[in-house]
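Fold and geometry: a report
As a plain string of letters, each chain reads:
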Number of protein chains: 2
Amino acid sequence: MLNCQFEVHKRDANSRARRGTLHLPHGDVPTPIFMPVGTQATVKAMSPRELKEIDTRILLSNTYHLFLRPGHELIRGFGGLHNFMQWDRPILTDSGGFQVFSLSEMRKIREEGVEFRSHLDGSKCFITPEYDMEIQQALGADIAMAFDECSPYPCDYDRAKAAMGRTHRWAARCRRAHTREDQALFGIVQGAFYKDLRIESAKTLADMDFPGYGIGGLSVGEPKPMMYELLEEIEPYMPQDKPRYLMGVGSPDCLLEGVERGVDMFDCVLPTRIARNGTVFTHHGRLVIRNNAYARQEIPLDEECDCYVCRTFSRGYIRHLIKAGEILGARLTSYHNLYFLLNMMRQIRQALEEDRFAAYKHEFFEKYNENP
Amino acid sequence: MLNCQFEVHKRDANSRARRGTLHLPHGDVPTPIFMPVGTQATVKAMSPRELKEIDTRILLSNTYHLFLRPGHELIRGFGGLHNFMQWDRPILTDSGGFQVFSLSEMRKIREEGVEFRSHLDGSKCFITPEYDMEIQQALGADIAMAFDECSPYPCDYDRAKAAMGRTHRWAARCRRAHTREDQALFGIVQGAFYKDLRIESAKTLADMDFPGYGIGGLSVGEPKPMMYELLEEIEPYMPQDKPRYLMGVGSPDCLLEGVERGVDMFDCVLPTRIARNGTVFTHHGRLVIRNNAYARQEIPLDEECDCYVCRTFSRGYIRHLIKAGEILGARLTSYHNLYFLLNMMRQIRQALEEDRFAAYKHEFFEKYNENP
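Quick summary incoming for the structure in this document.

Reading guide: rules and limits
Residues numbered from 1 in each chain as written. Chains lettered and ligands numbered in written order. Predicted model: local features only at pLDDT ≥ 70, side-chain atom pairs only at ≥ 80, totals over all residues. Heavy atoms only, no water. Contact = heavy atoms within 4.5 Å. Buried area = accessible area lost by both parts, 1.4 Å probe. Salt bridge = Lys/Arg side-chain N within 4 Å of Asp/Glu carboxyl O. Polar contact = N/O pair within 3.5 Å; in protein donor to acceptor, adjacent residues only side chain to side chain. Helix = DSSP H or I, 4+ residues; strand = E, 2+ residues; numbered from the N terminus. Nonpolar A, V, L, I, M, F, W, Y, C, P; charged D, E, K, R; others polar. Pairing = 2+ DSSP bridges. Axes fitted to C-alpha atoms, helices over the stretch in contact; angles between N-to-C directions. Phe/Tyr/Trp six-rings, centres within 6.5 Å; stacked < 30°, edge-to-face > 60°. Buried < 20%, exposed > 50% of the residue type's maximum accessible area, 1.4 Å probe, protein only. Lys NZ or Arg CZ within 6 Å of the ring centre and 35° of its normal.

Contact with chain A, which involves 42 residues of that partner, is made by 42 residues of chain B. Buried surface at the junction of chain A and chain B, both sides included, amounts to about 3,600 Å², of which 56% is carbon and sulfur. Summed over the shared surface of chain A and chain B, the result is six salt bridges. Remark: the boundary between chain A and chain B carries 15 residue pairs in polar contact (both at pLDDT 80 or more). Residue assignment for the side of chain A that touches chain B shows that the elements contributing at least two residues are α1 (48-53), α3 (72-77), α4 (81-85), α12 (308-312), α13 (315-323) and α14 (327-353) of chain A. Across the side of chain A that touches chain B, the residue classes break down as 19 nonpolar, eleven polar and twelve charged.

Spelled out as structure tokens, the structure:
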């Protein structure tokens with residue numbers, strides 16, 4: 001895959017953390033990186049120019065949602081997702097596997113593919129690995145993901161093993177069906193919470209020689225230490241020269257723990273979803289801005305943040321906007337939360353360059369309390 | 001009132017239109033001007049810096065809404081509305097009279113003031129002209145409006161006359177209660193759709209020597225020609241050296257007709273309200289972007305518009321955002337609609353400066369169709 005080259009510039013001496021660059025058709029992406037999620041071809045409440053202002057280097061969009069609305073053929077007609085949403089930097093599309101899996105009662109998994117009903121109008125759909133590749137190639141992101149079967153938490157061994165096996169067979173079918181040369185196809189490691197399955201999955205996919213690897217099926221309800229342990233166990237079996245993408249993970253503590261365990265890429269709706277509900281990240285932990293305690297506070301959301309929102313608006317004003325259901329409230333909290341994560345990743349990259357990742361992590365957690 | 005000086009630079013030779021400047025504590029405002037409405041201390045879907053980008057020179061906020069939430073005392077604690085919402089250009093607050101009046105079944109009008117129930121929690125409130133001044137002075141806008149009683153359309157003569165009389169007595173009480181020197185207080189002409197009442201109202205208020213005059217109770221359901229006729233009839237009775245503000249009017253055709261009849265200031269929620277429902281202004285009239293016809297169109301909302309939205313996004317993409325209920329959809333349509341009106345007012349001012357207002361108006365209506 002000529003159009004996805006990954007360079008590792010530096011490896012941390014005391015952990016598995018790496019500092020790298022992902023070269024993609026729409027530009028270079030420094031790693032480790034967080035990818036804001038633009039589910040329906042827009043990162044909720046944000047404009048493309050604001051995303052650039054906060055240094056978004058790559059964003060993710062959801063194949064399942066775009067397939068249903070407005071449809072991949074419509075987006076193909078616009079010359080692909082980049083042109084449709086006017087985002088000229090790299091994009092990654094997921095496969096829709098996780099979303100289809102989440103429909104639970106509304107889907108049926110067969111070897112050939114998955115039958116499901118649209119959450120929008122109940123219409124019946126059938127997606128095979130081959131069709132998924134057709135959809136993602138029409139969307140035209142820089143990176144496409146193989147169509148996989150995600151296991152829930154908890155999940156019994158046999159079911160997890162069966163889902164993993166199918167994920168591998170589907171990965172091979174995706175690889176055969178994928179022809180677009182200006183798009184990289186990543187495989188996805190599955191295996192639920194069984195060490196041996198995860199290792200088998202990492203090895204099997206490594207043998208297929210994908211240009212990058214997703215780690216799927218984590219952060220689905222399990223305790224965080226369980227996720228961290230699994231990451232440590234599979235890391236040695238994942239190719240050292242390929243990017244690793246921990247799917248659906250995006251809380252500040254998980255980003256740091258993930259980087260330490262050799263993860264290069266992350267995505268999550270968390271920062272924008274909690275923002276719309278009025279919860280924001282600060283260097284001291286999360287803050288629920290709806291609380292009455294903030295009504296008269298003139299200080300910014302996070303006194304240690306230098307984003308546009310924190311340089312301009314008070315907690316009292318933002319609380320008023322959120323309480324009154326004003327769009328600007330969701331805009332300001334979303335902007336700040338994304339900035340917080342992107343800025344944190346920038347600092348992590350810098351710390352890695354300067355051989356002080358452990359010190360950075362230590363300082364971060366001295367202040368940050370995930371569950372105040 | 002030292003802090004509100006109005007200069008008329010030029011009068012149109014063929015109509016009552018004037019080109020002027022309003023000097024206010026937070027800056028100069030060129031007239032004729034359109035004021036975007038920030039009901040709850042935010043122009044819906046817009047940020048202050050976007051409002052500046054589209055050349056918003058003054059905005060309006062609603063006393064009734066701010067009184068109920070977050071409360072004028074809270075805003076006073078922030079040093080006033082400018083600091084609360086981080087808007088350093090002029091602001092005008094209405095008196096809340098129109099909103100209270102619109103509560104119909106939920107309010108009782110007495111000579112002393114108006115008793116009403118909050119639309120938020122049903123709590124009982126009582127606002128007198130004196131209390132209204134206290135609230136607006138706490139908000140601290142550059143321009144406050146007198147507390148008035150608005151008549152509906154249609155309205156019988158006796159009721160209209162009574163409401164007008166009360167409006168005049170309340171205007172006098174507002175004038176006595178208003179003490180803030182860095183805030184101008186405008187009177188409001190009422191009198192429903194009776195020429196003699198309107199003229200009496202214009203004269204009575206002129207005698208009270210306010211630094212500016214609102215024209216209230218229009219655009220409340222009457223046919224547009226009826227409004228235009230009334231404007232023509234009362235214009236000679238309104239002071240030539242004071243700004244005239246036609247309240248709640250903001251469709252492109254009404255702006256042109258209003259300017260021609262001597263109006264200097266306008267406000268309306270129309271551009272942002274229809275925007276959120278997916279209707280946008282174009283040089284050829286309104287366009288309902290939800291329509292399927294636009295799904296695959298790559299052209300901008302308005303091909304003759306040079307705003308950020310029209311320079312960047314397609315009709316197809318914006319239609320998708322609106323259909324999917326995405327915040328960015330409301331943002332882009334609101335931005336465009338406000339730009340459309342502000343840009344139109346800029347062109348009107350330029351036409352007045354260059355003695356070609358009639359030609360501009362003619363050219364505009366040659367293309368523009370208000371009801372396609």
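Turning our attention to the sheet that holds strand β5 (residues 59-61) of chain B. All names here are of chain B. Reading across the sheet, the eight strands line up as β4-β14-β13-β12-β11-β10-β6-β5 and stay open at both edges, with parallel pairing between neighbours. Only two strands of the sheet have a single neighbouring strand rather than two, namely β4 (33-35) and β5. Going from strand to strand, the sheet's axes swing by 25° on average, the running direction of each strand aside. Relative to strand β11 (residues 184-189), strand β10 (residues 143-145) runs parallel, the two sharing three bridges. Bridge pairing in β11 links alanine 144 to leucine 185.

In this section: the packing of aromatic side chains. If you walk through the whole model with that rule in mind, you get 32 aromatic pairs over all chains. On the numbers, 5.1 Å between centres and 80° between planes, the contact of Tyr153(A) with Phe193(A) is edge-to-face. Here Phe193(A) lies in the loop between β11 (184-189) and α8 (195-208) and Tyr153(A) lies in the loop between β10 (143-145) and α7 (157-177), a separation of 40 residues in the sequence. For Tyr153(A), a relative accessible area of 31% gives the class partly exposed. Ring centres 5.9 Å apart and planes at 70° place the aromatic pair Tyr308(A) and Tyr335(A) in the edge-to-face group. Placement of Tyr308(A) in helix α12 and of Tyr335(A) in helix α14 is noted, with a sequence separation of 27 residues between them. Classification of Tyr335(A) by relative accessible area gives buried; the value is 4%. Counting every residue linked through ring pairs, the aromatic cluster contains Phe78(A), Phe84(A), Tyr308(B), Phe313(B), Tyr317(B) and Tyr335(B). Note that Arg49(A) overlies the ring of Tyr308(B), its terminal NZ or CZ placed 3.5 Å from the centroid. Over the ring of Phe210(A) we find Arg175(A), and its NZ or CZ is 5.3 Å from the ring centre.

Attention now goes to the sheet that holds strand β1 (residues 5-11) of chain B. Residue and element names in this part refer to chain B. An order of β1-β2-β3 is seen for the three strands of this open sheet, with the pairing classed as antiparallel. Unpaired on one side and paired on the other, β1 and β3 (27-31) mark the two borders of the sheet. On average, adjacent strands in this sheet sit at an angle of 15° to one another, irrespective of strand direction. In terms of strand pairing, strand β2 (residues 18-24) meets β3 through five bridges, oriented antiparallel. In the strand pairing of β3, glycine 20 is matched with threonine 31. In this fold helix α14 (residues 327-353) packs onto β1, β2 and β3, with an angle of close to 120° to the strand it touches most, β2.

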